[in-house]
Amino acid sequence: HEIRRELMVHRTVETGLALVYLNMTGGQDDQCFDGASFVLNPHGRLAAQLPFCDEAIVTLDFERTNEGWLAAEGPKAHIPDAAERDYRVMVQATRDYMAKTGFSKAVLGLSGGVDSALVAAIAADALGPGNLRCVMLPSRYTSAHSLEDAAAVAKALGAKLDTVPIGPSVEAVTASLAPLFEGRAEDVTEENLQSRLRGLILM
């Protein structure tokens, strides 16, 4: 946002003209357009600022003066800080991607960690908590603390939470592979079985 504003200010200084910067709002494929259109008068003076990530229609008058055409003063919407802008874009991109591809609900694995909690918050804000189903997939290595955190996240968001233990599945796959793993110490391979099984159950 700051870079594009700076570039447009340079153009008004260079040309001595007013400038209208129009930007689409919404997600399209792997792009997300954040709106925040603005109007600058010569020398970079801000005449109007439209909202960030929200659609808006504004009528703005221009008048001919001794300095040339100038935009009348218009609304000046608040532009959030960088962290909030990032979050709003993630929510907007998720909402529009889901709508344009015909999906209205989502299932996601909730581990009790910060990453999955953030993804769940984005999904709940994008789709509505009633359209989000979270699944906790504990193994014998999962701490009680993680289970409590996952439940707290789902409750705070108002989303449904299911628990599907993967212990029996891990044991079954480990038993199937035992002849191939014979004589080898456990390593990251066995750990990766858990993430693969979690993905399979979610699918």
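Here, every reference points to the structure presented above.
Treat the numbers as computed from the prediction; the structure is a model and nothing was measured. (Residues numbered from 1 in each chain as written. Predicted model: local features only at pLDDT ≥ 70, side-chain atom pairs only at ≥ 80, totals over all residues. Heavy atoms only, no water.)

Quick notes on the nonpolar core
- In terms of nonpolar packing, the biggest core is built from 18 residues, with A106, L108, L110, A120, L127, L132 and C134 touching the most fellow members.
- For this core, the elements supplying multiple residues, two or more each, are α2 (82-100), β8 (106-109), α3 (114-127), β9 (132-136) and α4 (144-157).
- Setting aside its immediate chain neighbours within four residues, L127 contacts M98, S104, K105 and A106. (Core = buried A, V, L, I, M, F, W, Y, C linked by side-chain atoms within 4.5 Å. Buried < 20%, exposed > 50% of the residue type's maximum accessible area, 1.4 Å probe, protein only. Helix = DSSP H or I, 4+ residues; strand = E, 2+ residues; numbered from the N terminus. Contact = heavy atoms within 4.5 Å.)

Some remarks on the side chain of R85
- Among the structural elements, R85 can be located in helix α2.
- In contact with R85, not counting residues within four places along its chain, are H1, E2, F52, I79 and P80.

Some points on the packing of aromatic side chains
- Enumeration according to the criterion identifies 1 aromatic pair in this entry.
- If you follow R5 out to its NZ or CZ, it ends over the ring of F38, 4.8 Å from the centre. (Phe/Tyr/Trp six-rings, centres within 6.5 Å; stacked < 30°, edge-to-face > 60°. Lys NZ or Arg CZ within 6 Å of the ring centre and 35° of its normal.)

Remarks on the state of the cysteines
- One pass over the full model with this rule turns up 0 disulfides.
- C32 takes part in no disulfide bond, and the closest cysteine sulfur to it belongs to C53, at a distance of 5.3 Å.
- According to the relative accessible area criterion, C32 is partly exposed, its value standing at 24%.
- C53 gets classed as buried once you look at its relative accessible area, which sits at 3%. (Disulfide = S-S within 2.5 Å.)

Describing unusual backbone geometry
- For D29, which is not a glycine, the phi torsion comes out positive at approximately 55 degrees.
- One can find D29 in the loop between β2 (25-28) and β3 (31-34).
- The residue A36 is not glycine, and still its phi comes out positive at about 60 degrees.
- As for its position among the elements, A36 is in the loop between β3 and β4 (38-41).
- The exposure class of A36 is buried, given its relative accessible area of 1%.

A few points about the pairing of strand β7 (residues 68-71)
- Bridge count between strand β6 (residues 62-65) and β7: 4 bridges; the pairing is antiparallel. Each bridged residue has a counterpart across the sheet, and for F62 the counterpart in β7 is A71.
- Linking two consecutive strands that pair antiparallel, namely β6 and β7, is a turn of 2 residues. (Pairing = 2+ DSSP bridges.)

Things to note about the sheet that holds strand β10 (residues 160-163)
- Strand order in the open sheet formed by 3 strands is β8-β9-β10, and the pairing between neighbours is parallel. Each edge of the open sheet carries a strand with a single partner, namely β8 and β10. With strand direction ignored, the average angle separating the axes of adjacent strands in the sheet is 25 degrees.
- Here 4 bridges tie β8 to β9, and the two strands are oriented parallel to one another. Note on β9: the bridge partner recorded for A106 is L132.
- Against the sheet, α3 engages β8 and β9, with an angle of about 170 degrees to β8. (Axes fitted to C-alpha atoms, helices over the stretch in contact; angles between N-to-C directions.)

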